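# Remarks on the overall topology
Here's the letter readout for the chains.
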Amino acid sequence: MQHAMNLTFWMCSRTPCSPADGEKPKSQVSESQHLSADANKVLQQIQSEPNFTHAKMQYLDIDEDGVHDVMEALVINDCLQRLNLSHNSILGEGLRSVRTMLACNSTLRVLDLGYNHIDGVGADLLSQGLRDNRGLTSLNLCSNNIGEDGGISLASCLIDNQKLRTLDVSYNPLGTESAKMFANMLCTNTVLISLQLYHTGCREEGAVALMEKMAENRSLTSLALGNNGIGNEGAKAVADALRTNSVLQLLDLYSNQIGDAGARLLAQSLLENSYLTTLNLAHNQMSAEAVGTLLTAQRQAFARGCRTLQNLGTYGNKLMASPNSTPDGLSNGISQSPIVAQELVMLKQPDIAVQHKTADFREEEDLFVGQSETQL
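Residues numbered from 1 in each chain as written. Predicted model: local features only at pLDDT ≥ 70, side-chain atom pairs only at ≥ 80, totals over all residues. Heavy atoms only, no water.

When helices and strands are counted, the protein shows 13 helices and 10 strands. With 376 residues in all, the protein has 55% of them scored as buried. When contacts within the protein are restricted to residue pairs at least 6 apart in sequence, long-range pairs at least 24 apart make up 84% of them. A total accessible area of about 16100 Å² is found for the protein, and carbon and sulfur atoms account for 48% of it. (Helix = DSSP H or I, 4+ residues; strand = E, 2+ residues; numbered from the N terminus. Buried < 20%, exposed > 50% of the residue type's maximum accessible area, 1.4 Å probe, protein only. Contact = heavy atoms within 4.5 Å. Areas by Shrake-Rupley, 256 points an atom, 1.4 Å probe, with all protein chains shown as cover.)

Turning our attention to the side chain of Ser 219. Locating Ser 219 in the fold gives a position in the loop between α8 (203-214) and β7 (222-224). For Ser 219, a relative accessible area of 9% translates into the label buried. Ignoring anything within four residues of it in the chain, the contact list for Ser 219 reads Asn 189, Thr 190, Val 191, Leu 192, Ile 193 and Val 247.

One pass over the structure, following the stated rule, counts seven salt bridges. Between Lys 180 and Glu 205 there is a salt bridge, with its nearest N and O atoms 2.4 Å apart. In this pair, Lys 180 is assigned in helix α7 (residues 175-188) and Glu 205 in helix α8, connecting sequence segments 25 residues apart. Taken together, the salt bridges that share partners define one network made up of Lys 236, Asp 240, Arg 243 and Glu 272. (Salt bridge = Lys/Arg side-chain N within 4 Å of Asp/Glu carboxyl O.)

Considering the arrangement of structural elements, one finds Val 191 in the loop between α7 and β6 (194-196). Accessibility expressed as a relative area gives 16% for Val 191, which makes it buried. Once the C-alpha coordinates of Val 191 and Lys 163 are considered, the two residues, 28 residues apart in sequence, prove to be 6.5 Å apart. Those residues in contact with Val 191 that sit more than four places away from it in its chain are Gln 162, Lys 163, Leu 164, Arg 165 and Ser 219.

What follows concerns the environment of Gln 285. Here Gln 285 shows up in the loop between β9 (278-280) and α11 (288-303). Residues Gln 285 and Gly 259, 26 residues apart in the sequence, show an inter-C-alpha distance of 4.7 Å. In contact with Gln 285, other than residues within four places in its own chain, are Gln 257, Ile 258, Gly 259, Asp 260, Asn 317 and Lys 318.

Our next topic: unusual backbone geometry. Of note in the backbone geometry, Tyr 59 takes a positive phi value of approximately 60 degrees without being a glycine. Structurally, Tyr 59 can be placed in the loop between β1 (54-56) and α3 (64-75). Assessed through its relative accessible area of 59%, Tyr 59 is described here as exposed. Despite not being glycine, Ser 143 shows a phi value in the positive range, around 55 degrees. We classify Ser 143 as buried; its relative accessible area is 19%.

Moving on, we come to α3. Helical periodicity: at 3.6 residues per turn, an α-helix aligns residues three or four positions apart in one direction. Across its 12 residues, α3 extends 16 Å between first and last C-alpha, which sits within 8% of the 16 Å expected from 1.5 Å per residue. α3 sits mainly inside the fold: 10 of its 12 residues count as buried. All buried positions along α3 are accounted for by Asp 65, Gly 66, Val 67, His 68, Asp 69, Val 70, Met 71, Ala 73, Leu 74 and Val 75. Measuring from the side-chain oxygen of the N-cap residue of α3 to the backbone nitrogen of Asp 65 gives 3.1 Å; that N-cap residue is Asp 63. (Expected span 1.5 Å × (residues − 1). Polar contact = N/O pair within 3.5 Å; in protein donor to acceptor, adjacent residues only side chain to side chain.)

For the pair helix α5 (residues 120-132) and helix α6 (residues 148-160), the least separation of the axes is 8 Å and the interaxial angle reads 5 degrees. Accordingly, the angle class assigned to the pair α5 and α6 is roughly parallel. The segment α5 lies against α6, with Gly 120, Ala 123, Asp 124, Ser 127, Leu 130 and Arg 131 engaging Gly 150, Ser 153, Leu 154, Ser 156, Cys 157 and Asp 160. Partitioned by chemical class, the residues of the contact of α5 with α6 number four nonpolar, five polar and three charged. (Axes fitted to C-alpha atoms, helices over the stretch in contact; angles between N-to-C directions. Parallel < 35°, antiparallel > 145°, perpendicular 65-115°, else oblique. Nonpolar A, V, L, I, M, F, W, Y, C, P; charged D, E, K, R; others polar.)

Next up, the structure:
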């Protein structure tokens, strides 16, 4: 059921929270019939508490009717900076009210809509709102049902939007055409620093398109392409990009069917790149010899004074001859570097390594983005 929205909500005819007498207008505190008791408590805080800046509304079974009432409150709110609506039941149509809010609100900085039921229609509505928005810097849409058309809409809107700095659309069936549009966006967008495309079906073709455009991009510092089946051809495109790109710092290529040929090309590119700090190549199809080539490249970079690549994840590949032996082919990659030493220890404990390294990458990415946000 859709609501009849009031004139202020539809038209945004005035600037929210900017009265003539210099004082903030107080929102009328009201309870929503479409929200649970716990959700209503948060809604009332949004409406009435002037210093309330972070609203946690995840896991509250909020649907499109409930999200409408939350968005209506945000139209006249100039305090809230972070809103978490993840793990709810918001459908694509529920994004109509989000679109209107984004066109009016310039205070909200972080919006989490992950783990809902947003489809291509919802992504298109959200894209319309982002074109007019001048406040949002971080958007999470992971684990929804956004397909190719929705992905193209989101990528297209970022050509116009020069405010959003982090976008996570992981675990959506975006496909290769969406990846190509994101690649085109990278040519003109100068503010996006983090793009998360885990398990989006971009495949080799999409990865090649993205990497070709990375040569022209001077802002993206974190890129996640894990679990997309990019293979050796995709790894070749990555290696070519790393030779010329001087911005990218965090790159995740987890579980991408990269074999020895791709590993050797990546190792060569590491000798020419002095900017990458984290490279995750876990759970690919590399032999111990290929992994040794990567570790050798890292050691050689350290030897010549380039110590930027601090995290090289290679666990879960075809490494170990026996549980207690050093993988064959790694002897040339062993050095006194604590980074390499830690890697070799973790190769003998693959299950622990998966959890530890994946957490490390996520924590580092979150920390990096957080530090960037404080500079705004």
